[in-house]
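# Structure assessment
Okay, here's what each chain looks like letter by letter:
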Amino acid sequence: MNQPAAKLAQIPSVDRVLNLPEVRLLLEAHGHEPVTSAVRTVLAELRQGKATRPLAEAVSDRVRAQARPRLRRVFNLTGTVLHTNLGRAVLPREAVEAAVAAMTAPCALEYDVEAGGRGDRDDVVEGLLCELTGAEAATVVNNNAAAVFLLLNTLAQRKEVIVSRGELIEIGGAFRMPDIMARAGAKLVEIGTTNRTHLQDYESAIGKKTALLMKVHCSNYAVTGFTKAVAEMDIAEAAHAKQLPFAVDLGSGTLVDLSRFGLPKEPTPADSIAAGADLVTFSGDKLLGGPQAGILVGKVELIRRIKKNPLKRALRVGKITLAALEAVLRLYRDPDRLPQRLTTLRLLTRSHADMSKQAERLVGRLRAVLEPEYPVEIVELMSQIGSGSLPVERLPSVGFAIRPLLKGGARMKRLEAAFRSLPVPVLGYVRDGALHLDLRCLDAEDEKAFADQLKDLSC
Ligand SMILES: *Cc1c(COP(=O)(O)O)cnc(C)c1O
């Protein structure tokens with residue numbers, strides 16, 4: 001007589017399990033379908049001899065796991081503030097409130113309330129963008145890759161675009177300038193060399209088929225040593241001498257000079273416009289600190305042509321994005337208070353003393369759960385801005401190094417996995433045999449939630 005067959009008789013019916021008191025509570029909270037489906041799965045496991053836990057517990061775990069959103073919140077202790085894999089900029093409260101308002105009631109997205117007629121969705125942010133960049137006109141699309149694509153497709157289809165070899169960038173996630181050009185139907189004309197490009201290179205490349213001169217900001221790398229790049233003002237002049245437009249892809253667009261907050265200077269769209277650029281493109285969710293978006297600012301006539309491209313309709317943004325973007329742009333009108341109000345800037349400007357104190361407050365909690373097997377040290381770290389913003393700059397920061405006493409990759413994997421298995425997963429990085437947790441992005445209001453869940457850590 002075989003063992004599984006003997007057990008089969010003891011397997012309860014679906015209805016019996018649904019009547020267990022704990023399972024009835026689940027039914028109330030989650031509804032009939034998800035709970036019944038979980039019960040069937042658990043009973044099937046039991047029949048195959050896989051289940052060892054009490055039935056109600058197994059059902060409950062399954063129902064809860066399936067009810068949990070896939071897009072989960074995490075603690076970003078990677079030291080990279082604008083982490084593309086973790087959603088880049090965290091939006092300020094003002095933007096969140098505006099987005100919620102736009103989602104929960106009808107709004108004047110394409111309606112001119114004063115005139116009482118149809119409006120254009122770009123009007124929501126165009127005035128602010130012009131004020132903040134000095135440009136004549138502006139439009140917004142899904143992301144900066146879309147902005148660059150739309151610009152090239154509108155102005156340079158079946159024509160040539162002149163770009164320096166030192167600027168043919170690849171941004172993580174398959175944004176390669178030469179590929180975007182090809183897909184947009186533009187022919188790339190590379191000039192100069194990897195490290196040096198001269199004004200003469202631009203001038204002599206201009207021909208009958210030239211549509212555009214373009215400069216691409218080296219977001220995620222730096223060319224150093226024996227280098228030469230031509231100033232925007234000079235490229236603009238060379239382009240305008242031949243009645244050609246000059247476009248700049250800035251990548252990360254910050255609307256204020258960050259050096260006023262003690263951060264390294266990053267070029268602004270206003271700088272490029274002042275230098276004579278006819279179009280500038282940048283991201284909404286990099287240093288700008290807003291929602292994912294691609295922003296194009298520049299000459300009225302060029303923006304008008306871009307907006308008439310049928311692809312604009314395919315790449316446009318929704319009301320949630322526009323509401324959040326408008327709220328973020330408004331914060332820039334009062335730059336003095338920006339570091340308190342704009343989350344990205346608040347994180348980037350956190351003081352060393354602030355992070356040190358936070359480390360002192362938290363180190364005991366970590367030691368209590370990790371030592372002696374995993375000694376915890378407070379260490380000086382270097383954060384980076386991320387998302388191809390200010391690539392070579394590092395910001396001094398403070399955090400923890402957790403180094404397993406017993407060496408070996410398996411130990412480290414278990415430690416990392418333990419932090420990832422917390423209710424709100426904690427993500428750090430491994431370097432030199434230690435798990436590092438950089439505190440820069442642990443905002444004051446999240447500290448308690450972070451500390452409270454440490455008691456669940458098991459490794
Ligand atoms: C980041 C970046 C892009 C792509 O922007 P997304 O908003 O991620 O689409 C394009 N060009 C440059 C120079 C960048 O830094």
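Rules of the game
For every chain, the first residue of the written sequence is number 1, and numbering continues from 1 along that sequence. The predicted nature of this model means local features are confined to residues of pLDDT at least 70 and side-chain atom pairs, given and counted, to a pLDDT of 80 or more, with totals for whole chains, interfaces and linings taken over all residues. Computation of side-chain values covers all heavy atoms of the structure but excludes hydrogens and water. Going along the chain from the N terminus, every DSSP run of H or I of four or more residues is numbered as a helix, and every run of E of two or more is numbered as a strand. Relative accessible area decides the class of each residue, using a 1.4 Å probe on protein chains only: under 20% of the type maximum gives buried, over 50% gives exposed, and in between gives partly exposed. Residue contacts follow a heavy-atom distance rule, with two residues in contact if any of their heavy atoms lie within 4.5 Å. Every accessible area reported is derived by Shrake-Rupley at a probe size of 1.4 Å, with residue values counting cover from the shown protein chains alone. In the sections that follow, a salt bridge refers to a side-chain nitrogen of Lys or Arg positioned within 4 Å of a carboxyl oxygen of Asp or Glu. Residues enter a nonpolar core if they are buried and are Ala, Val, Leu, Ile, Met, Phe, Trp, Tyr or Cys, with the set joined through side-chain atoms within 4.5 Å. The start and end points of each domain follow an automatic or database-based domain assignment. Of the grid points, spaced at 1 Å and generated over the protein atoms alone, those admitting a 1.4 Å probe that cannot get out make up cavities, while open sets with protein on both sides within 12 Å along at least five of seven lines make up pockets; any residue with an atom within 4 Å of a point is treated as lining. Grid points are joined across faces, edges and corners, and a volume is the space filled by probe spheres set on the points. Residues are sorted three ways: Asp, Glu, Lys and Arg are charged, Ala, Val, Leu, Ile, Met, Phe, Trp, Tyr, Cys and Pro are nonpolar, and all the rest, Gly among them, are polar. Whether a residue is near a molecule or strand depends on its heavy atoms: if one lies within 4 Å, it is near. Any pair of N or O atoms that falls within 3.5 Å is considered a polar contact. Within protein, one atom must be able to donate a hydrogen and the other to accept it, and sequence-neighbouring residues count only if both atoms are side-chain atoms. Note on geometry: axes are lines fitted to C-alpha atoms, helical ones only across the stretch in contact, with angles between N-to-C directions running from 0 to 180 degrees. What sets the label is the angle itself: under 35 degrees gives roughly parallel, over 145 gives roughly antiparallel, 65 to 115 gives roughly perpendicular, and the rest give oblique. Crossing handedness is read from the near helix: turned anticlockwise from the far helix by less than a right angle, it gives a left-handed crossing, and turned clockwise, a right-handed one. The pairing criterion for strands is at least two bridges between them, as found by DSSP.

Helices and strands together make up the secondary structure of the chain, namely 20 helices and 17 strands. Counting only C-alpha atoms and orienting by the principal axes, one finds that the chain spans roughly 90 × 55 × 45 Å. When each of the 459 residues of the chain is scored for burial, the buried share is 49%. The contacts of the chain with a sequence gap of at least 6 include a subset with a gap of at least 24, amounting to 74%. Put simply, the chain shows about 22700 Å² of open surface, and 52% of that area lies on carbon and sulfur atoms.

Moving on to the pattern of salt bridges. This structure, assessed with the given rule, holds 31 salt bridges. As a salt-bridge pair, R337 and D334 come within 2.8 Å of each other at their nearest N and O atoms. Note that D456 and K455 form a salt bridge whose closest N and O atoms lie 3.9 Å from each other. Given a relative accessible area of 63%, K455 falls into the exposed group. Linked through salt bridges whose partners overlap, the residues forming this network are R93, E94, E97, D334, R337 and R341.

With that settled, the discussion passes to the nonpolar core. Judged by nonpolar contacts, the single largest core of 58 residues is most densely connected at L129, L213, V297, L329 and Y332. Looking at which element gives the most residues to this core, the answer is helix α15 (residues 319-331), with seven residues. Residue-level mapping places this core at the junction of two domains, with at least three residues from each of domain 2 (75-85 + 347-456) and domain 3 (93-341). Those residues in contact with V297 that sit more than four places away from it in its chain are L129, T133, A135, A137, A138, I273, D278, L279, V280, F282 and I303. Residues M181, L188, L302 and I303 belong to the second largest nonpolar core, which totals 33 residues.

Time to look at the domain arrangement of the chain. The domain architecture assigned to the chain consists of domain 1 (11-67), domain 2 (75-85 + 347-456) and domain 3 (93-341). Look at where the C-alpha atoms of domain 1 and domain 3 centre, and you get two points 53 Å apart.

Note on placement: E167 falls in the loop between β5 (160-164) and β6 (170-171). Overall, the relative accessible area of 4% leaves E167 in the buried class. Residues contacting E167, with those up to four places away along its chain left out, are Y202, M214, K215, V216 and Y221.

Under the criterion given, the structure shown has one cavity of 30 Å³ or more. Estimates place the volume of the largest cavity at around 40 Å³. Forming the boundary of the largest cavity are T254, L258, L287, Y332, L338, L342, T344, L345 and L348. Looking at the lining of the largest cavity, the element that brings in the most residues is helix α17 (residues 343-348), giving three residues. Here the lining of the largest cavity is composed, by residue class, of seven nonpolar, two polar and no charged.

Moving on: the site of the ligand. If you check the shell around the ligand, you find 13 residues, and the closest are A145, S219, D249, S283 and K286. One of the backbone nitrogen or oxygen atoms of A145 is found 2.8 Å away from an oxygen atom of the ligand. The side chain of K286 places a nitrogen or oxygen atom 2.8 Å from an oxygen atom of the ligand. Within the complex, 95% of the 380 Å² of free accessible area of the ligand lies under protein. Class assignment for the residues of the shell around the ligand results in four nonpolar, six polar and three charged.

Moving on, we get to the packing of helix α6 (residues 93-104) against α15. The interhelical angle for the contact between α6 and α15, taken along N-to-C directions, is 150 degrees, at an axis separation of 8 Å. Looking at the two axes, α6 sits roughly antiparallel to α15. Handedness of the crossing formed by α6 with α15: right-handed. Together, E94, A95, A98, A99, A102 and M103 of α6 and K319, I320, A323, A324, A327, V328 and L331 of α15 make up the contact between the two elements.

Taken in spatial order, the seven strands make up an open sheet running β4-β12-β11-β10-β9-β5-β8, and their pairing is mixed. If you trace the sheet from one side to the other, it starts and ends with β4 (137-141) and β8 (187-191), each paired once. Neighbouring strand axes in the sheet, compared pairwise and without regard to direction, differ in orientation by 25 degrees on average. Of the pairings in the sheet, the one linking strand β10 (residues 246-252) to strand β11 (residues 279-283) comprises five bridges and is parallel in character.

Moving on, we come to the layout of surface pockets. Considered as a void within the structure, the second largest pocket measures approximately 460 Å³ in volume. Around the second largest pocket, the lining comprises 25 residues; the ones closest to its centre are E167, K215, H217, C218 and A229. Counting only elements with at least two residues in the lining of the second largest pocket, the list comes to β9 (210-216) and β10. Along the lines of polarity and charge, the residues of the lining of the second largest pocket split into eleven nonpolar, nine polar and five charged.

Next up on the list: the sheet that holds strand β16 (residues 429-431). The four strands are arranged β13-β14-β17-β16 in an open sheet whose pairing can be described as antiparallel. Edge strands, defined here as strands with exactly one partner in the open sheet, are β13 (376-383) and β16. Sheet twist, expressed as the average angle between the axes of neighbouring strands with direction ignored, equals 40 degrees. Each of β13 and β14 (395-402) touches helix α18 (residues 352-370); the most contacted strand, β14, lies at about 10 degrees to it.

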